[in-house]
Amino acid sequence: SVIRRSDYRPPDWLVPDIALDFDLDPARTRVRATLIVTRNGDHDRPLRLDGDGLIPLEVRIDGEAATPDQWHMEAGYLSVSLSGSARKVETLVELAPESNSKLMGLYASGGLLCTQCEAEGFRRITFFPDRPDILSRYDVTLRADKARFPILLSNGDPVEQGEGDAGQHWARWVDPFPKPCYLFALVAADLACNADSFVTMSGRDVQLGIWVREADLPRTGHAMQALKNSMAWDERVYGREYDLDVFNIVAVADFNFGAMENKGLNIFNSRYILADPETATDIDYDGVEGVVAHEYFHNWSGNRVTCRDWFQLSLKEGFTVFRDQNFSADMGSHAVKRIEDVRILRAAQFQEDSGPLAHPVRPESYMEISNFYTATIYNKGAELIRMIALMLGPERFRAGTDLYFDRHDGQAATCEDFVLAMEEGGEIDLSQFRRWYEQAGTPHVRATLDHDPMTRTVNLHLHQSLAPTPGQPDKAPMAIPLRVALFDPATGTHHGDELLMLTEPQQSFSFPDFATPPILSINRGFSAPVIIDTNRSQDDLAFLSAHDDDPFARYEAMQQLMVNILVGRIAGQPIDEAAVIAAIRQVITDPLLDPAFVAEAIRLPSEAYLGDQMAHVDPDAIHAAREALQQRIGAELEPDWRAIHARTRAAEFSISAAAKGARKLRNSALGYLVASGAMDGPAIAFVQFEQAHNMTERQAALAILANGDSAERVAALDIFYNRYGADALTLDKWFQTQAFAVHPDTVDLVEELGRHKDFTLANPNRVRALYGAFTGNQWAFHHISGKGYRLVADCILALDRLNPQTAARLVPPLGRWKRFDAARGALMRGELERILAQPGLSKDVTEQASKSLEYQ
Ligand code: ARG
Ligand code: ZN
């Protein structure tokens with residue numbers, strides 16, 4: 001059951017046209033599909049139509065009932081024997097959307113009916129060759145009870161509607177753009193619409209609609225603004241215009257991931273649409289903006305040009321993440337956005353790349369494609385595009401993307417097609433660079449600087465290495481673009497930023513005219529997704545944290561200063577903390593710095609990131625060292641934290657970048673103030689919790705209190721629950737905050753919360769809020785009792801029966817056993833074995849658990 005990239009064959013039959021007719025009902029939906037099929041090439045193979053859990057009630061060929069010798073069922077597909085070159089094949093099936101707990105195909109959520117087809121959900125709706133290189137024109141008729149489902153939406157443009165018998169109504173939608181079936185969508189619902197419009201660059205009027213429950217309408221303004229900004233941005237930056245007369249977004253409460261880019265009808269997890277100051281944090285606001293943009297940008301990078309097969313997934317996902325990252329940077333701060341994106345990459349993708357589930361950006365094989373919607377495909381994929389853009393510069397990069405879109409419009413393309421377009425349009429040779437698509441793992445680069453006073457020359461010696469990953473024991477050298485600057489410590493300036501290409505295992509670069517040794521600033525802007533080791537001293541890092549003019553490099557120097565102190569302390573080799581305290585004092589008192597940047601710069605590395613810096617993760621030692629440093633920073637700078645906290649209190653809420661930055665810094669100051677141990681710390685946090693006029697400050701105060709043992713902790717959690725318990729998205733925060741709390745009782749609390757009356761396995765957001773957050777809480781999840789592992793394994797086993805896709809997402813944290821001590825490792829492996837022993841385990845969880853266990 002392993003699918004390989006090398007097995008790709010063009011389809012035997014094409015489906016240029018499909019008509020779908022839905023009789024919608026939660027308990028019993030009938031789907032009639034009429035496919036025009038054409039033979040592709042010279043062969044006599046039958047037509048194979050994928051079907052998952054479907055029984056054909058009728059099969060017709062050219063209008064006539066098919067005879068038994070013309071079709072038969074096999075495991076997972078319907079086989080139809082056909083002569084001739086073009087035929088009409090019709091099938092009828094019946095579905096029960098209300099009992100579809102996998103949330104793939106057609107399902108019910110909060111009284112509405114909706115679909116999710118990517119990657120292989122369409123085969124749960126009707127018989128069809130479910131592969132992305134079959135592009136069809138869709139003509140869709142939806143019929144449903146008018147009172148229950150007054151709104152009927154599908155892809156493309158609405159062309160006709162009318163009333164039927166017995167309270168029914170119907171609507172017909174036609175999508176003129178041929179598309180793969182994973183982009184099919186329908187919604188039948190009783191929802192309200194935030195309606196708006198957008199005039200495209202060629203002057204076409206597009207009707208925009210965001211559909212939500214009536215009560216949620218006031219929370220859709222931010223998403224609508226983000227949509228209009230995205231449409232304008234794609235025109236300005238990539239020259240890409242929207243192509244239909246309508247663009248609809250529907251928010252649903254039960255959704256396996258963030259959102260889905262169905263042509264003209266995006267379907268969203270409501271957490272990426274709804275936002276208001278009372279219930280959404282600034283991070284939530286940014287999430288809405290970023291995901292709305294991401295799905296909109298897919299209209300070109302994904303829909304107009306789609307993927308030939310699922311091994312090419314990063315073709316659309318990596319590129320689209322790159323596009324949404326740059327959009328968000330343009331809407332806010334480039335510096336802060338880059339820091340946030342790198343933090344996410346390191347937390348999620350670097351971990352993946354160094355463990356049993358490591359895979360290339362273009363994988364070679366999979367068992368279940370859903371398991372490959374990963375940080376590697378998405379975030380590392382985006383870094384690959386970013387490196388290409390850096391090497392080309394803006395004009396040549398744009399020439400490359402223009403060529404790519406023009407050449408492949410209406411096609412199902414490959415990653416190689418993209419690289420070829422970049423080579424031709426951008427005039428560059430990417431032969432060695434292609435290894436980024438082929439080789440898994442995060443490259444390490446060791447950089448050492450030496451200075452020869454006699455020749456006044458500086459030599460930068462670079463050495464790259466890439467550790468083996470599953471299935472790839474030997475690696476070839478990568479092409480690594482590194483932005484570098486050399487600072488003169490006397491003047492605090494550098495002699496220009498240079499882009500070096502590291503292509504050999506070892507390479508040296510010399511720089512003339514240095515009377516004294518400079519200080520190295522390397523991988524500026526995080527120009528390559530690699531791990532850099534340098535021989536820079538704490539003094540060098542302190543210098544860069546004060547003077548580097550590249551904001552990312554400045555942040556990085558601060559982080560490295562802190563990491564060195566923490567790792568030193570854990571190893572029993574304490575390093576003086578004065579440098580880091582001085583560096584923090586300096587950034588918090590520099591009036592010219594953006595407060596959002598300051599908040600990033602002074603943030604302590606997470607416990608998980610510290611674990612990544614160690615040969616073996618010691619969760620208790622990491623926790624103790626980090627708490628101690630946090631307390632020390634808190635206490636040493638206590639008056640500053642008080643002053644910042646007082647000065648950043650805003651009379652009124654605003655979502656402006658300045659107001660967001662002030663809140664971010666305010667919350668960091670509160671964190672340090674409470675960590676200092678000041679007697680009044682919890683009381684100050686509680687006042688912020690109660691008086692905040694926005695969720696960003698309220699939740700931060702709650703999270704800070706949740707880490708401690710004050711009376712305020714209990715009170716705040718109760719108040720929060722009573723106030724927001726009726727709103728699912730906000731109640732998720734209540735679960736999440738407790739699961740994430742750095743507190744010795746967290747593991748017991750999570751067990752209790754798993755039995756809470758408001759906990760449910762049926763809603764993926766709730767599962768992620770409790771168990772997803774918990775697996776990210778290193779100290780609690782890796783509790784030496786093994787209880788954390790057991791709780792998560794129990795959840796995986798229970799959830800697998802309902803929703804294997806979401807269950808499989810919880811497996812990777814258990815797979816990191818090799819990174820821990822023998823006792824924890826054995827406990828983790830024990831849980832993986834227990835999971836694999838469950839009869840009837842899904843393919844999704846089987847793949848993740850078995851790969852996690854096999855890896856030596
Ligand atoms: N294409 C969607 C997006 O990137 C996500 C689809 C996820 N599908 C899955 N099977 N995990 O926005
Ligand atoms: Zn996407």
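Per an unreviewed UniProt entry, the protein chain goes by Aminopeptidase N and derives from Sphingobium xenophagum. UniProt annotates the protein chain under Cofactor (unreviewed entry) with the comment "Zn(2+)". For the record of the protein chain, the UniProt heading Sequence similarities (unreviewed entry) holds the text "Belongs to the peptidase M1 family."

A. Looking closely at the overall build of the protein chain. Each helix and strand in the protein chain was counted, giving 26 helices and 32 strands. Relative to the compact-globule value of 29 Å for 856 residues, the protein chain shows a C-alpha radius of gyration of 28 Å, a close match. Taken along its principal axes, the extent of the C-alpha atoms in the protein chain is 90 × 65 × 60 Å. When each of the 856 residues of the protein chain is scored for burial, the buried share is 52%. Partitioning the contacts of the protein chain with sequence separation of at least 6, the portion at a separation of at least 24 is 69%.

B. Region of the structure containing the sheet that holds strand S17 (residues 192–199). Judged by pairing direction, the sheet is mixed, and its five strands sit side by side in the order S17-S18-S19-S21-S20 without closing on themselves. A single partner strand is all that each edge strand has here, and the edge strands are S17 and strand S20 (259–260). Of the strand pairs in this sheet, strand S18 (residues 205–212) and strand S19 (residues 246–252) are connected by five bridges, and their pairing is parallel. Considered in S19, the bridge of leucine 208 is made with phenylalanine 247.

C. Highlighting the environment of phenylalanine 372. Mapped onto the fold, phenylalanine 372 is located in the loop between strand S23 (365–366) and helix H5 (375–408). Through-space distance from the C-alpha of phenylalanine 372 to that of phenylalanine 255 is 17 Å; in sequence the pair is 117 residues apart. Those residues within four positions of phenylalanine 372 in sequence are excluded, and the remaining contacts are Leu313, Pro363, Tyr366 and Ile377.

D. Summary view of the confidence of the model for the protein chain. Of all residues in the protein chain, 100% attain a pLDDT of 70 or more, and the chain-wide mean is 98. For this predicted complex, the interface confidence comes out at an ipTM of 0.98, alongside a pTM of 0.99.

E. Local environment of the environment of aspartate 800. Within the fold, aspartate 800 resides in helix H23 (residues 787–800). Spatially, the C-alpha atoms of aspartate 800 and lysine 843 are 9.8 Å apart, while their sequence positions differ by 43 residues. In this view, aspartate 800 contacts Ala807, Leu841, Ser842 and Val845; residues no more than four positions away in its chain are not counted.

F. Fine view of the UniProt feature "domain: Peptidase M1 alanyl aminopeptidase C-terminal" (unreviewed entry) in the protein chain. Under the UniProt annotation, "domain: Peptidase M1 alanyl aminopeptidase C-terminal" (unreviewed entry) lies at residues 538–854. What you have in residues 538–854 is 70% helix and 0% strand, and the ends, taken at the C-alpha atoms, are 41 Å apart.

G. Main features of the environment of valine 598. Structurally, valine 598 can be placed in helix H11 (residues 595–601). When the C-alpha atoms of valine 598 and alanine 662 are compared, they prove to be 9.8 Å apart, with 64 residues separating the residues in sequence. Dropping the residues within four chain positions of it, valine 598 is found in contact with Val587, Ile588, Leu593 and Leu665.

H. Representation of the nonpolar core in the model. With 248 residues, the main nonpolar core has Val187, Ala188 and Val250 as its most contacted residues. The contact partners of valine 250, leaving out residues within four places of it in the chain, are Cys114, Leu153, Val187, Leu191, Trp211, Ile267 and Phe268.

I. Region of the structure containing the site of ligand 1. Around ligand 1, the neighbouring residues are Glu118, Ala119, Phe257, Gly258, Ala259, Met260, Glu261, His294, Glu295, Glu317, Ser370 and Tyr373. Of all the elements in the fold, those that place two or more residues in the shell around ligand 1 are S20 and helix H2 (282–297). When its residues are assigned to classes, the shell around ligand 1 shows five nonpolar, three polar and four charged.

J. Representation of the pairing of strand S13 (residues 151–154) in the model. The side-chain alternation of S13 yields two buried faces, one formed by Ile151 and Leu153 and the other by Leu152 and Ser154. Judged from the four bridges that link them, S13 and strand S16 (residues 186–189) form a sheet pairing that is antiparallel. Across the sheet, residue leucine 153 finds its bridge partner in S16, namely valine 187.

Cut-offs applied
- Residues numbered from 1 in each chain as written.
- Chains lettered and ligands numbered in written order.
- Predicted model: local features only at pLDDT ≥ 70, side-chain atom pairs only at ≥ 80, totals over all residues.
- UniProt positions renumbered as here; feature names shortened; annotations may be inferred.
- Helix = DSSP H or I, 4+ residues; strand = E, 2+ residues; numbered from the N terminus.
- Rg over C-alpha atoms; globule rule 2.2 N^0.38 Å.
- Buried ≥ 20, exposed ≤ 12 C-beta atoms within 10 Å, placed from the backbone.
- Contact = placed C-beta atoms within 7 Å.
- Pairing = 2+ DSSP bridges.
- pLDDT = per-residue confidence, 0-100.
- Core = buried A, V, L, I, M, F, W, Y, C linked by C-beta atoms within 7 Å.
- Near = placed C-beta within 6 Å.
- Nonpolar A, V, L, I, M, F, W, Y, C, P; charged D, E, K, R; others polar.

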